[in-house]
Amino acid sequence: MKKSPLILLLFICFNSFIINAQAPLINKVNPLIGTQKNIGDTGAINYPVIGLPFGMNLWTPQTFNKEGLIYNYADTKITGFRQTHQLNSEQKDYGAFALMPMGDTLITNTENRAADFNHLSEKAYPYHYRVRMYNGITCEIAPTDRAAIMRFTYPYGGKSYVLLDVLEGASKIEIVPTERKIVGYCTGNNRNVPSNFAKYFVIKFLREFDDYGTWQNDIISTKQLTGNGNAVGAWGMFDLNPNEVVTVEVASSFISIEQAERNLLNELRGKTFETVKQQAQTKWNDELNRLVVEGGTEEQHQLFYTSIYRMLLVPRIQHEIAPSGNAVHYSLYEGQLSNREMFI
């Protein structure tokens with residue numbers, strides 16, 4: 001029987017629709033693959049980092065363990081949500097810091113503040129991380145190249161905290177209540193960097209502080225605006241109604257606090273959490289769609305595209321955008337500024 005041109009056209013259109021209706025390739029990526037290390041294992045593990053392709057900064061949940069790992073799938077407690085440059089346990093981190101939401105009691109000690117969670121309430125994509133901890137607090141992160149937007153939802157209301165932990169090394173902190181922000185720098189690193197190395201940051205809250213302060217070595221100071229010394233941190237308190245949200249914009253720079261502010265404005269100004277998340281998802285899909293595979297099983301597709309995701313995380317952008325609109329970067333090798341693009 002001869003098929004009419006109309007039937008052939010409908011057949012082609014239907015199959016094109018099926019192809020276009022398939023899930024975006026980014027949904028085939030699972031950042032949690034390869035993140036578990038069991039007792040007796042000797043190899044390296046990956047970390048479930050989120051960020052943009054070739055982005056300057058990455059973000060990962062930080063779990064409590066005594067093996068020195070940032071994250072292990074076998075762990076059951078979260079101690080913070082960390083800006084990192086470390087993709088796996090074999091690499092060395094530098095300029096890292098973490099934020100941790102908590103309920104009505106402010107706890108600075110890493111082990112004591114750890115919140116229980118399980119993987120049923122954890123969702124990780126390259127463009128979005130979400131977890132609901134046993135204390136009911138939900139954390140979400142969506143990245144840009146040099147910044148991120150975070151959303152903390154507190155189910156019980158009342159006194160609700162966000163803690164800044166610079167993790168290690170000398171640091172300097174300033175809280176600016178009138179601008180709802182914390183600025184500063186940290187110098188912690190586990191690799192060879194120039195003596196003038198620092199990671200500058202700006203953390204802006206989209207609601208007013210109801211209280212604030214600094215902390216160091218488990219000593220909490222209320223209404224203290226500045227801190228300077230080894231591993232000095234900061235905190236903000238918000239008096240919330242049940243299920244209210246604290247949204248936080250975070251940007252960093254290798255150049256200065258002013259440049260971190262510029263990075264925040266360039267990449268987050270006027271954008272909602274959902275906008276940042278959607279733009280990050282689109283950017284990942286654009287990159288992954290450069291390589292479309294046929295055949296194989298869904299499991300093989302997931303392993304393939306997860307490998308491509310990890311490959312696209314490096315080299316990382318090292319340059320930033322100066323007021324002139326031109327690229328400028330701080331060299332991790334020479335300790336100097338250079339007016340050109342740089343990837344490491």
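Worth saying up front: this structure is predicted, and the values here are computed from it rather than measured.

Visitor: Could you give an account of the pattern of salt bridges, naming the residues involved and the relevant values?
Guide: Under the counting rule described, the total for this entry stands at 13 salt bridges. Arg113 is the partner of Asp165 in a salt bridge, and the nearest nitrogen-oxygen pair spans 2.9 Å. With a gap of 52 residues between them, Asp165 in strand β9 (residues 158-165) and Arg113 in helix α2 (residues 110-113) connect regions that are remote in the sequence. Since its relative accessible area comes to 6%, Arg113 is described here as buried. Here Arg151 ties to Glu274 by a salt bridge, and the two come within 3.1 Å at their closest N and O atoms. Taken as a pair, Arg151 in strand β8 (residues 147-154) and Glu274 in helix α4 (residues 273-288) lie far apart in primary sequence, 123 residues in all. Residue Arg151 is classed as buried on the basis of its relative accessible area, which comes to 18%. Three or more residues joined by partner-sharing salt bridges are found here, namely Glu140, Arg151 and Glu274.

Visitor: How would you summarise the confidence of the model for the protein if you had to cite specific residues and measurements?
Guide: Taken residue by residue, the protein gives an average pLDDT of 92. The fraction at 70 or more is 93%. Confidence over residues 1-21 falls short of pLDDT 50; this stretch has 1 contact with residues more than four positions distant or in other chains.

Visitor: Just give me the short version of the sheet that holds strand β5 (residues 122-125), but keep the residues and values in it.
Guide: One open sheet holds the 9 strands; their spatial order is β5-β6-β7-β8-β17-β12-β11-β10-β15, and the pairing between them is antiparallel. Here the strands that pair on one side only, and so sit at the sheet edges, are β5 and β15 (226-230). Neighbour to neighbour, the strand axes of the sheet diverge by 15° on average, direction disregarded. The sheet contact formed by β8 and strand β17 (residues 244-253) spans 8 bridges and is antiparallel. Its bridge partner lying in β17, Ala147 is registered against Ala251.

Visitor: Can you lay out the nonpolar core for me, pointing to particular residues and giving the numbers?
Guide: Looking at soluble globular proteins, one finds that nonpolar side chains tend to be buried together. Formed by 69 residues in total, the largest nonpolar core has its most connected members in Phe81 and Met150. When residues no more than four places from it in sequence are discounted, the contact partners of Met150 are Trp59, Phe81, Leu99, Cys139, Glu140, Ile141, Val246, Thr247, Val248, Val250 and Phe273. Grouped together as the second largest cluster of nonpolar side chains are 11 residues, Ala147, Ile149, Ala251 and Leu264 included.

Visitor: Let's hear about the sheet that holds strand β19 (residues 327-330): which residues, and what values?
Guide: Spatially, 3 strands are ordered β18-β19-β20 in an open sheet, and the strand pairing comes out antiparallel. At either margin of the open sheet sits one strand with a lone partner, and together these are β18 (319-321) and β20 (337-338). In terms of strand pairing, β18 meets β19 through 3 bridges, oriented antiparallel. Among the inter-strand pairings, Glu320 is bridged to a residue of β19, identified as Val328.

Visitor: Go over α4, please, and point to the residues and values.
Guide: Because the α-helix completes a turn every 3.6 residues, residues three or four places apart line up on one side. Look at α4: 23 Å from first C-alpha to last across 16 residues, which is about the 22 Å you get at 1.5 Å a residue. For α4, the set of buried residues is Phe273, Val276, Ala280, Gln281, Trp284, Asn285, Glu287 and Leu288. Projection of α4 onto a plane perpendicular to its axis shows the buried side chains occupying an angular sector of 165°, all on one side. Summarising the contacts, the buried residues of α4 are in contact with β6 (128-132), β7 (138-143), β8, α3 (257-268) and α5 (298-311).

Procedures and definitions
Residues numbered from 1 in each chain as written. Predicted model: local features only at pLDDT ≥ 70, side-chain atom pairs only at ≥ 80, totals over all residues. Heavy atoms only, no water. Salt bridge = Lys/Arg side-chain N within 4 Å of Asp/Glu carboxyl O. Helix = DSSP H or I, 4+ residues; strand = E, 2+ residues; numbered from the N terminus. Buried < 20%, exposed > 50% of the residue type's maximum accessible area, 1.4 Å probe, protein only. pLDDT = per-residue confidence, 0-100. Contact = heavy atoms within 4.5 Å. Pairing = 2+ DSSP bridges. Axes fitted to C-alpha atoms, helices over the stretch in contact; angles between N-to-C directions. Core = buried A, V, L, I, M, F, W, Y, C linked by side-chain atoms within 4.5 Å. Expected span 1.5 Å × (residues − 1). Arc of directions from axis to C-beta.

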